[in-house]
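The primary structure of each chain is shown beneath.
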Amino acid sequence: MQGFVRVNYDQANWNRLIVQLAARADIVPPRVRAQLIHDAFWLSRAGVLTQTLSLQLSRYLVNETHHLPWIIALRLFEDMYALLAESTSYEHFKEYLVQLLSPVYYNLGWLESSATNATQRFLRALIMGAACKFGLPDCVLKAQQLYLVEMTSLKTHNQIADDFQQLVYCTGIEAGGDAEWGFALRRFNGSTKAMERHRLLAALACTKNASILLKLLEESVSSPTISAVEMQLAISSVAKNPVGKTFTLSFVTNNWKRVNAKLSGSSYITRRLITDVTDCLSSEKELKQLEEFVENSEERSIKSVAWFRALQKTKANVLWLRKNHHTINSWLTLATRH
C-alpha cells in the first residue's frame, strides 16, 4: 500500500462518500476504499478535516470484508488507540473498534476450511489479532483456551497455527498471570530459532503486570543471552503496551548509556528503538520528561536527529490530543451508546 497521495474533497463530497460507503461500499473499489480511509484520517490529523469526519467515514467498516481497507484502518486505529491510552476516550475507543470488528470476526471464524486461500488467511489473522487486542470477549476467550491447551500439552514444540501464534500468546499472557508468563519465558529461554524467540519476546511484553514489564526491560539490557536486536524488540514491545508506555520512556532515558552501548552504534536499530518508544507519547508529563532529557543532556548520542525528531513528534501529539480529545470523546460516547 505504498505510494498513496493524499486527496482532499470539499465537505459536500466527503459527505457523499460517507453516505455511499455506508449504503453500498462494494461499488467503490477496495483500493479506493483504503485510500479514502488513509486520506480522511491523515487530513484529520493534520487539522485539514475534522476528526469527526474521519471517524464517521470509518463506520462503514462494520460491513467491510476486504483486506486492503482493513490493513490501512487498523494501522491508523492502532496509532490513535496508543495516543488515547491515558485519556477518558480510551475505553470508548476500544468499544467502538470492537463494534466495527465483530461482524467480520464472526463471519471469518477461527476454523480454516479447505477452500481458504492465502488472502483469506491473511485477513483472518489480521482481524483476529485486532479483535483480541481491542478486547472482543469471544476472541479473548478462544485465545486463552488455545494458550491453556498449549501450556498443558506434553509436546515441547508449538502446536498453535503460525497465523495465530502471536495473538494467542499475547492474549494468553495479557489475560493470564504468573503461570502464563512463566510458560512463555521458559519457551523463550529454550529456543534457538530467531523468529520464535522474537514472537515470544513480543508476547512476554503483553502482560498487564508493571513489575514484570520492568523486569523484562532490565533483563533485555543486562542479559548477555539477549541480543541488541532482541533488546530493541523487548523495549519497543513494552512501549506499545498501554501499561508500560510511560515507564518505558523513563527506563530508556535513565539507562540510555547502557542501552546505547548494547546497540553498538547500529543507527538503524537505534532509530527504530527511539521511534517506537516515543511515537505515541501524548501527555504533558511525557513531553516535559522528553524535553529535559534531550535538551539538557551533553551526551553526543542524545543530540542525534532521531531524538530531536521524537521531541517534535511528541509536541505534535500533545497538541493534537489537547485540541481533539473533547470532540473525539463526545463522538465516541454517542457512537457506542447502546
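Reading the values: rules and limits
- Residues numbered from 1 in each chain as written.
- Predicted model: local features only at pLDDT ≥ 70, side-chain atom pairs only at ≥ 80, totals over all residues.
- Heavy atoms only, no water.
- Buried < 20%, exposed > 50% of the residue type's maximum accessible area, 1.4 Å probe, protein only.
- Helix = DSSP H or I, 4+ residues; strand = E, 2+ residues; numbered from the N terminus.
- Contact = heavy atoms within 4.5 Å.
- Core = buried A, V, L, I, M, F, W, Y, C linked by side-chain atoms within 4.5 Å.
- Disulfide = S-S within 2.5 Å.
- Salt bridge = Lys/Arg side-chain N within 4 Å of Asp/Glu carboxyl O.
- Axes fitted to C-alpha atoms, helices over the stretch in contact; angles between N-to-C directions.
- Parallel < 35°, antiparallel > 145°, perpendicular 65-115°, else oblique.
- Left-handed = near helix turned anticlockwise from the far one by under 90°.
- Nonpolar A, V, L, I, M, F, W, Y, C, P; charged D, E, K, R; others polar.

Enquirer: Could you give an account of helix H13 (residues 245–254), naming the residues involved and the relevant values?
Expert: The buried fraction of H13 amounts to seven of the ten residues, a majority that puts the element mostly inside the structure. Along H13, the positions that sit buried rather than exposed are Lys-245, Phe-247, Thr-248, Leu-249, Phe-251, Val-252 and Thr-253.

Enquirer: Lay out helix H3 (residues 51–58) in plain terms, naming residues and giving numbers.
Expert: Among the eight residues of H3, six are classified as buried, and the element is accordingly described as predominantly covered. Among the residues making up H3, those that are buried are Gln-51, Leu-53, Ser-54, Leu-55, Leu-57 and Ser-58. Buried residues along H3 sit in contact with helix H1 (11–24), helix H2 (30–45), helix H4 (67–83), helix H5 (90–108) and helix H17 (305–335).

Enquirer: So what's going on with the nonpolar core? Residues and values would help.
Expert: Ranked by internal contacts, the top residues of the largest apolar core, which has 107 residues, are Trp-110 and Trp-256. Residues contacting Trp-110, with those up to four places away along its chain left out, are Tyr-105, Arg-124, Met-128, Cys-132, Cys-139, Lys-142, Ala-143, Leu-146, Phe-164, Leu-167 and Val-168.

Enquirer: Break down the state of the cysteines for me, with residues and values.
Expert: Taken as a whole and judged by the stated rule, the model has two disulfides. Note that Cys-132 is cross-linked by a disulfide to Cys-139, the S-S spacing being 2.1 Å. Looking along the S-S bond of the Cys-132-Cys-139 disulfide, the torsion reads about -95 degrees, which is the left-handed sense. Cys-139 gets classed as buried once you look at its relative accessible area, which sits at 0%. Each sulfur of the disulfide joining Cys-170 and Cys-206 lies 2.0 Å from the other. Taking the sign of the S-S torsion, -105 degrees for the link of Cys-170 and Cys-206, the bridge is left-handed. You can see Cys-170 sitting in helix H8 (residues 165–175) and its partner Cys-206 sitting in the loop between helix H10 (194–204) and helix H11 (210–222), a full 36 residues away along the chain. The same class applies to Cys-170 and to Cys-206, which are both buried. Shown here for the protein is a disulfide pattern of 1-2, 3-4, where each number marks a bonded cysteine counted in sequence order.

Enquirer: Describe the pattern of salt bridges, with residues and values.
Expert: Enumeration according to the criterion identifies twelve salt bridges in this entry. A salt bridge links Arg-272 to Asp-276, with the nearest nitrogen and oxygen atoms 3.4 Å apart. Highlighted residues: Arg-272 and Asp-276, both in helix H15 (residues 267–278), separated by four residues, approximately one helical turn. Judged by its relative accessible area of 38%, Arg-272 is partly exposed. Residue Asp-276 is classed as buried on the basis of its relative accessible area, which comes to 14%. Several salt bridges converge on common partners, so that one network encompasses Glu-86, Lys-245 and Glu-286.

Enquirer: Just give me the short version of the packing of helix H16 (residues 284–296) against H17, but keep the residues and values in it.
Expert: Their axes nearest at 10 Å, the elements H16 and H17 cross at an angle of 160 degrees. One finds that H16 runs roughly antiparallel with respect to H17. Along this stretch, H16 crosses H17, giving a crossing that reads as left-handed. Contacts between H16 and H17 involve Glu-284, Leu-287, Leu-290, Glu-291, Phe-293, Val-294 and Glu-295 on the former and, on the latter, Trp-307, Phe-308, Ala-310, Leu-311, Thr-314, Lys-315, Val-318 and Arg-322. Grouping the constituent residues of the contact of H16 with H17 by class yields nine nonpolar, one polar and five charged.

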